[in-house]
Amino acid sequence: MTFQVRKAAVLGSGVMGAAIAAHLSNVGIPVLLLDMVPPKLTEKEIAAGLTLESPQVRNKLATQGLEAAKKSKPSPFYSLEDASRIEVGNFSDDLSRLKECDWVIEVVVENLEIKRNLLHQVQSAVRADAIVSSNTSGISIAAMSELCEPSFRKRFLGTHFFNPPRYMKLLEVIPGPETLPNVVEDMVRFGERVLGKGVVVAKDTPNFIANRIGTYGLIATLDAMQRHGFGVDEVDAITGPLMGRPKSATFRTLDVVGLDTFVHVAENVQSSVSGEDEKIAFQIPDYLREMVSRGWLGEKTGQGFFKREKTSSGREILALNLTSMEYGARKRVTSSSFDAARSADTLEQKLNHLVYGKDAVSAFVWEILKKVLLYTASKQEEIADNIVAVDNAMKWGFNWELGPYETWDVLGVEKSVERMRQDGETIPAWIEEFLAAGHTSFYKTSAGQPKEFYVLTRHYKELEVAPEHISLKSLKEQGKVIRKNSGASLIDLGDGIACLEFHSLKQAIGTDVTQMIDYAVQEVSVNWDGLVIGNEAANFCVGANLMMMLIEAQDENWDDLNLAVQQFQQALYRLKYLAKPVVAAPFSLSLGGGAEVCFPADRIQASAETYMGLVEVGVGLIPGGGGNKELLIRSLEGVPSVLTDRLDGYVRSVFETIAMAKVSTSAKEARANGFLRAADGISVNRDYLLHDAKVVARSLADSGYIPPQERRIPVVGEAGAAVLKTGVYGMRIAGQISDHDAKIAGKLADVLTGGSVPRGTLVTEQYLLDLEREAFLSLVGEPKTQARMQHMLQTGKPLRN
């Protein structure tokens, strides 16, 4: 990749501008964050003796934007230390400093004239080789740059981040009519590899791809809801995960986005499109305008389509009745097609139950899907070069599981189009041509062959996949499975590296996963050069199979439980001392046993969005798979041997991390918490994680890998345990923790300090594993622990008892 950003500038420090600056700083790019000079002083500034020439006044807006970003939840920063890369300034004094920057991003208010005026100033301040882009969500790229010089327009384009930029995968890159192709290519590659985004190239049309289709779909849903007589709560139950959409569904999404923001986006599309029918399609319902006028804007004002209220039974979420404009209790959906969809195993089955059922819910779902599919097809050539860009934009920007064309394939293109015809709908000409040519799906796959997609020039084209994107699903289709069982598989990644994939429910660890870890150790030791542990699920691993443990405990099958824990401990111990390099590739939730699986690895290559922690205390337990031991070892690495009798501070830090069930909010924070080492890597693009882990494993193997040797571990013994337990006692007396919390903390203290031995004793890993297992089993037999486990399984929330 030739395009490098050694420094960037973000022009505009509002919520979006500051968040973009934060994400650039996350990936190591120094940022100059600029905004306007305030037109006048506040009374507080006057009283402080400041003037309009004072730097803190002139840079105030950018400073306020940065400080707001630091306090924002969820944080736009991987670590607040990253904020130190952001330097604030203002347009009047600091535009000349744009010459320092390789990339300048305009993120000011969505007003064409304001953007034009700013870009006119920017073009004379930037270097001739710098790329300049706008983060507009829908204003024409050509229109905002038309007054600029041709040389500037060649290096100008749109880069539309979705909010919040750190977390949302989609980046729409929008070339202007004169943008050089290599500038577009550079930005696409940079967005994917450095910023970790899923990039689609969109055409310079109103609201580009995702907001154009997504906004249409939301208004179509609002329109259909009224005709079919459903309430906002019922619509959200139908249009969420059951349809392959996010949990926030329709109205919860609008509440999160902000009703005023949504109205602005919809009005922008409506004013920009030319056809009268399309203008009508983007008409804002009267009740939505009424809600905006009342200030019911969603989460930011405390009420929108939903409102939380305190009741006698706790906090309750109430739903808005759009007829009476009053809030009331939410209603349950009663429908045979709805129930059938809920019981179905796959999204394809769920959608077919919903669409082809015979009740009101089916009629409602059919209407909104039909409209979205037809609208998308009718705008395909206008908004994007191919159907893949549209599908990816909706998956990455609106968190749909399937894009419009993938959805159409699932419903059956022939079957659904015939029904559309019966409904009197106009079918886009290219869809009719597609069917007349005998085609039945927009995507084609065949065993061992690359996936193909239909292009509007009436043929299929191979779907290009970045070489850094390893698909385990594709490898399995190619027959690369070495061995599998119900919970895990060992897969050939190529180049002498195998991958251990967990595919049990929620990637939970049970005996089947433990058995496959053991098999992987044996197989890799003989026939492979290295091992990667990773998968492609929603989360890496949420821990042990809690249901199985609870059932065994309630049945008092202590021998079976002891054996299961011991086997898991020993499997991870053998993994740690495998004679070949092991690289773990965690991402998203990597909790409890999921973290413990990573600790024995020689390296961890973590996704930037890795939320790792030992959370067992939340269900009344302590880690049982070696997590206590491994975190203790990590904390003591590098400590001089002369300090082995003064380790209490290190042990206390580990104790607090486990006892407080600390979970990292990013891979960088996981490193600060001691879960990752300094040598461990971080992948910003989750799609490249397995590739990056494989490269690390291959590199370790090629550089003459030497497996670790076990060393004895110094412990602080009974004296150190007494110090920890004194602190626990103080918290109990102060009412900060319960008796059962204190019991759990006491067990943890005994394990981390080495039990009944003198300070400075050197113990083996097996000794600590035995202490850990004994403590774990004693706690799992406690009625209050079992109550916590039961509560977590039933509600997904911890119980404090």
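Up top you'll find the structure we're talking about.
Let us look at empty space enclosed by the protein. Rolled over the atoms, a probe with the dimensions of a water molecule shows which regions are left empty. For the structure on display, the rule yields 3 cavities of 30 Å³ or more. Taken as a whole, the largest cavity holds about 70 Å³ of empty space. Taken together, 13 residues form the lining of the largest cavity, with L572, Y573, G625, K629 and E630 sitting closest to its centre. The set of elements that each furnish at least two residues to the lining of the largest cavity consists of α26 (558-576), α28 (627-636) and α34 (765-780). The residue inventory of the lining of the largest cavity, partitioned by class, reads 5 nonpolar, 3 polar and 5 charged.

Helix length check: helix α33 (residues 739-753) (15 residues) gives 21 Å between terminal C-alpha atoms against 21 Å at 1.5 Å per residue, within 8%. Every buried residue of α33 is listed here: H740, D741, A742, I744, A745, G746, L748, A749, V751, L752 and T753. Structurally, α33 contributes buried residues whose contacts are with α28, α29 (648-659), α32 (717-733), α34 and α35 (783-795). A positive phi of about 90 degrees marks G754, the residue just after α33.

Turning next to the layout of surface pockets. Counted as a void, the second largest pocket has a volume near 810 Å³. Lining the second largest pocket we find 27 residues, and of these D233, D236, A237, K247 and R330 sit closest to its centre. Listed by contribution, the elements that provide at least two residues to the lining of the second largest pocket are α11 (232-238), α12 (251-257), β9 (306-311) and α16 (336-343). Among the residues making up the lining of the second largest pocket, the classes are represented as 8 nonpolar, 6 polar and 13 charged.

Across the sheet, 8 strands lie side by side as β3-β2-β1-β4-β5-β6-β7-β8; this open sheet has mixed pairing. Looking at strand neighbours, the two that pair on one side only are β3 (86-90) and β8 (198-201), the edges of this open sheet. With strand direction ignored, the average angle separating the axes of adjacent strands in the sheet is 25 degrees. Both strand β6 (residues 156-161) and strand β7 (residues 170-175) contribute to a ladder of 5 bridges, which runs antiparallel.

This paragraph deals with the packing of α29 against α33. Here α29 crosses α33 at 140 degrees, and the two axes come no closer than 10 Å. Read as a crossing pair, α29 and α33 show a hand that is right-handed. Counting all contacts with α29, which are made through V651, V654, F655, I658 and A659, the residues of α33 involved are A745, L748, A749, L752 and T753. Of the residues belonging to the contact of α29 with α33, the class tally is 9 nonpolar, 1 polar and no charged.

What the rule picks out here adds up to 23 aromatic pairs. Ring geometry for F434 versus F442: centroids 4.6 Å apart, planes at 20 degrees, classification stacked. For F434, a relative accessible area of 0% corresponds to the buried category. For F442, a relative accessible area of 0% translates into the label buried. Ring-pair connections join several aromatic residues into one group, and the members of that group are Y405, W408, W430, F434, F442, Y454 and Y460. The ring of W366 is capped by R419, whose NZ or CZ atom sits 4.2 Å from the centre of that ring. One Lys or Arg, K451, reaches over the ring of Y443 and ends 4.8 Å from the middle of that ring.

In this section: the nonpolar core. Judged by nonpolar contacts, the single largest core of 116 residues is most densely connected at L98, F305, W408 and F442. In terms of residue count, the dominant contributor to this core is helix α18 (residues 360-383) (12 residues). Grouped together as the second largest cluster of nonpolar side chains are 97 residues, F655, F675, A749 and L768 included.

Tracing the chain through its elements places R773 in helix α34. For R773, a relative accessible area of 11% corresponds to the buried category. Side chain to side chain, R773 and D770 meet in a polar contact 3.2 Å long. Apart from the residues lying within four places of it in its own chain, the contact partners of R773 are N562, V565, Q566, Q569 and Q766.

Turning to the environment of N386, a few remarks are in order. Note that N386 resides in the loop between α18 and α19 (387-397). Assessed through its relative accessible area of 24%, N386 is described here as partly exposed. The spacing of N386 and T511 is 125 residues in sequence and 46 Å in space, taken between C-alpha atoms. With residues near it in sequence (within four places) discarded, N386 still touches Q380 and F453. From its side chain, N386 meets the backbone nitrogen of V388 in a polar contact 3.1 Å long.

Right, let's get into the pattern of salt bridges. In the structure shown here, the tally under the stated rule is 60 salt bridges. With its nearest N and O atoms 3.2 Å apart, the salt bridge here joins K743 to E782. Highlighted residues: K743 in helix α33 and E782 in the loop between α34 and α35, separated in sequence by 39 residues. Connected via shared salt-bridge partners are K576, K629, E630, R634 and E765.

What counts, and where the lines are drawn
Residues numbered from 1 in each chain as written. Predicted model: local features only at pLDDT ≥ 70, side-chain atom pairs only at ≥ 80, totals over all residues. Heavy atoms only, no water. 1 Å grid on protein atoms, 1.4 Å probe; cavity = no way out; pocket = protein on both sides within 12 Å on 5 of 7 lines; lining within 4 Å. Points joined across faces, edges and corners; volume = space filled by probe spheres on them. Helix = DSSP H or I, 4+ residues; strand = E, 2+ residues; numbered from the N terminus. Nonpolar A, V, L, I, M, F, W, Y, C, P; charged D, E, K, R; others polar. Expected span 1.5 Å × (residues − 1). Buried < 20%, exposed > 50% of the residue type's maximum accessible area, 1.4 Å probe, protein only. Contact = heavy atoms within 4.5 Å. Pairing = 2+ DSSP bridges. Axes fitted to C-alpha atoms, helices over the stretch in contact; angles between N-to-C directions. Left-handed = near helix turned anticlockwise from the far one by under 90°. Phe/Tyr/Trp six-rings, centres within 6.5 Å; stacked < 30°, edge-to-face > 60°. Lys NZ or Arg CZ within 6 Å of the ring centre and 35° of its normal. Core = buried A, V, L, I, M, F, W, Y, C linked by side-chain atoms within 4.5 Å. Polar contact = N/O pair within 3.5 Å; in protein donor to acceptor, adjacent residues only side chain to side chain. Salt bridge = Lys/Arg side-chain N within 4 Å of Asp/Glu carboxyl O.

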